[in-house]
Amino acid sequence: MYVLVLNAGSSSLKFNLFDMVKEVSIAEGMAERIGLAEANLISTLDGEKRKETLPLPSHKEALEAILERLHANVLHDTPVHAVGHRVVHGGPKYGDSVLVTDEVLQDIEAFAIYAPLHNPANALGIRVARTAFPDIPHVAVFDTAFHHNIPDHARTYGIPYELSQKYGIRRYGFHGTSHAYVAARTAILLCRPLRSLKVITCHIGNGTSICAVGQGKSMDTSMGMTPLQGVIMGTRCGTIDPSVVEMLMEHEHLDYSAITDLLNKKSGLLGISGVSSDFREIELAADSGNDRARLARDLLTYNVRQFIGSYATVLDGVDAITFTAGIGTHSTYVRAKVCSKLGFLGVKLDPEANEHGTGERIISTPDSRVVVTVVPTNEELMIARETVR
């Protein structure tokens with residue numbers, strides 16, 4: 001059974017084709033710069049990486065180009081059996097993956113009120129794919145679903161209750177497929193049932209969120225109603241005093257669109273460092289003596305530690321801390337810096353294990369009271385599993 005996983009952005013379309021009998025990816029890639037004069041189609045087909053520059057005026061042409069290459073190089077005469085779509089926000093309605101219907105698609109578009117940068121693109125990708133594959137199931141897999149049932153006291157904001165209920169204002173959380181996947185893999189690494197564990201999962205990338213997982217369920221998470229809240233990120237500010245927004249709008253003469261752009265696209269590690277939103281470039285600049293880059297790096301690790309400490313109290317203890325996503329998986333510095341202040345929890349990092357090795361691994365010492373692990377995430381596989389579930 002072949003499942004095509006799609007993740008549509010405003011000017012991009014990521015894809016991953018899975019053979020679900022073996023649960024392996026057989027092709028993946030991304031169309032980027034859609035709608036511009038020259039777009040790129042980057043793909044790995046039959047183990048061969050290739051990059052093409054071609055006109056892709058819309059997502060329709062991008063998907064057509066992807067399918068043409070899949071059929072020529074991988075699928076041949078074998079059909080796609082189902083399509084799984086990553087959707088950022090399921091609003092207050094969806095706590096599980098659902099078969100896409102016209103009503104579901106309308107809801108996804110309506111929930112753009114919570115994720116204006118993501119849901120419209122996700123909905124567009126679904127519309128294009130349903131036209132290309134009208135006779136097979138399409139499944140919406142929501143980033144927010146894993147966190148849908150976090151306790152009321154963890155998801156409620158301190159505004160009048162009637163307004164929260166009227167507009168669905170609450171903490172929703174994101175990266176749900178990632179947190180669910182790495183928590184389950186952590187349990188396998190520890191050879192213990194997930195339901196018996198208290199795990200803090202740290203998805204640290206261009207977007208960052210921390211999650212307290214107890215008995216296999218999300219108990220709290222750092223992102224909020226939108227992906228803007230929580231830890232400082234590549235271009236997003238993370239948690240700030242709301243009065244800062246009011247002050248900047250007044251003194252910088254910014255309207256709603258401008259302040260949203262500032263907080264989502266020009267802040268975070270980019271805004272602090274003045275170097276880049278790419279943490280690899282920030283690390284190089286910091287190591288070369290750039291004080292603003294050092295500040296950005298220190299702020300990220302400080303924020304992550306704050307949430308780990310907080311979530312140890314949420315879970316009433318912690319058995320494991322897991323690092324994942326681009327920075328969490330690859331930055332030995334971030335892992336070491338975060339763990340350096342967690343001695344009160346009994347964390348003992350093994351420096352050699354932290355510096356070396358790839359893939360899933362334990363990086364704490366044998367006598368560490370909390371097991372520290374690195375687990376590369378696989379959100380696409382989780383979406384494919386949800387699609388065939």
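Attention in this report is confined to the structure presented alongside it. Only a predicted model underlies this, so the values are computations on that prediction, with no experimental measurement involved.

1. Description of the layout of surface pockets
Reported here for the second largest pocket is a volume of approximately 950 Å³. Only helix 7 (242–251) and helix 8 (256–265) provide two or more residues apiece to the lining of the second largest pocket. Among the elements that take part in the lining of the second largest pocket, helix 8 stands out by supplying five residues, more than any other. Partitioning the lining of the second largest pocket into residue classes produces 19 nonpolar, eight polar and one charged.

2. Considering helix 10 (residues 279–287)
Those residues of helix 10 not exposed but buried are F279, I282, E283, A285 and A286. Each buried residue of helix 10 sits inside an arc of 165 degrees when the element is viewed along its axis, so together they form one side. Turned more than 90 degrees off the buried face of helix 10, the exposed positions are R280, L284 and D287. Tucked into the core, helix 10 has its buried residues touching helix 9 (268–273), helix 11 (291–314), helix 12 (325–330) and helix 13 (332–339).

3. Some remarks on the sheet that holds strand 9 (residues 198–204)
Taking strand neighbours across the sheet as the criterion, the six strands line up as 11-10-9-12-14-13 in an open arrangement whose pairing is mixed. Each of the sheet's edge strands pairs with one partner strand only, and the pair in question is strand 11 (217–221) and strand 13 (361–362). Here strand 12 (residues 320–324) pairs with strand 14 (residues 371–374) via four bridges, running parallel. The residue of strand 14 that forms the bridge with F323 is V374. Its contacts with the sheet place helix 13 against strand 9, strand 12, strand 13 and strand 14, and it is angled at close to 155 degrees to strand 12.

4. As for the pattern of salt bridges
Considering all chains together, one arrives at 19 salt bridges under this definition. Note that E103 is salt-bridged to K93, the shortest N-O span being 2.9 Å. Residue E103 is located in helix 2 (residues 102–110), and its partner K93 is located in the loop between strand 6 (82–87) and strand 7 (98–99); the two are separated by 10 residues in the primary sequence. In this structure E103 comes out as partly exposed when scored by relative accessible area, which is 47%. Salt-bridge contacts for D291 lead to R294; the nearest nitrogen and oxygen are separated by 3.6 Å. With a gap of three residues between them, D291 and R294 both fall in helix 11, about one helical turn apart. Residue classification places D291 among the exposed positions, given a relative accessible area of 56%. Through salt bridges with shared partners, one network takes in K93, E103 and D107.

5. A short note on the pairing of strand 5 (residues 48–54)
Two elements, strand 4 (residues 39–45) and strand 5, share seven bridges in a ladder whose sense is antiparallel. By the bridge assignment for strand 5, S43 is matched with R50. As consecutive antiparallel partners, strand 4 and strand 5 are separated by two residues, and within that stretch D46 has a phi angle of approximately 55 degrees, a positive value.

6. Re the sheet that holds strand 8 (residues 138–142)
A sheet is described by the order of its strands in space; here eight strands give the open sequence 5-4-3-2-1-6-8-7, paired in mixed fashion. Of all strands in the sheet, those bounded by a partner on one side alone are strand 5 and strand 7. Pairing between strand 1 (residues 2–8) and strand 2 (residues 12–19): seven bridges, direction antiparallel. Looking at strand 2, one finds that A8 is bridged to L13.

What counts as what
Residues numbered from 1 in each chain as written. Predicted model: local features only at pLDDT ≥ 70, side-chain atom pairs only at ≥ 80, totals over all residues. Heavy atoms only, no water. 1 Å grid on protein atoms, 1.4 Å probe; cavity = no way out; pocket = protein on both sides within 12 Å on 5 of 7 lines; lining within 4 Å. Points joined across faces, edges and corners; volume = space filled by probe spheres on them. Helix = DSSP H or I, 4+ residues; strand = E, 2+ residues; numbered from the N terminus. Nonpolar A, V, L, I, M, F, W, Y, C, P; charged D, E, K, R; others polar. Buried < 20%, exposed > 50% of the residue type's maximum accessible area, 1.4 Å probe, protein only. Arc of directions from axis to C-beta. Contact = heavy atoms within 4.5 Å. Pairing = 2+ DSSP bridges. Axes fitted to C-alpha atoms, helices over the stretch in contact; angles between N-to-C directions. Salt bridge = Lys/Arg side-chain N within 4 Å of Asp/Glu carboxyl O.

Taken by themselves, the reported measurements are silent on function.
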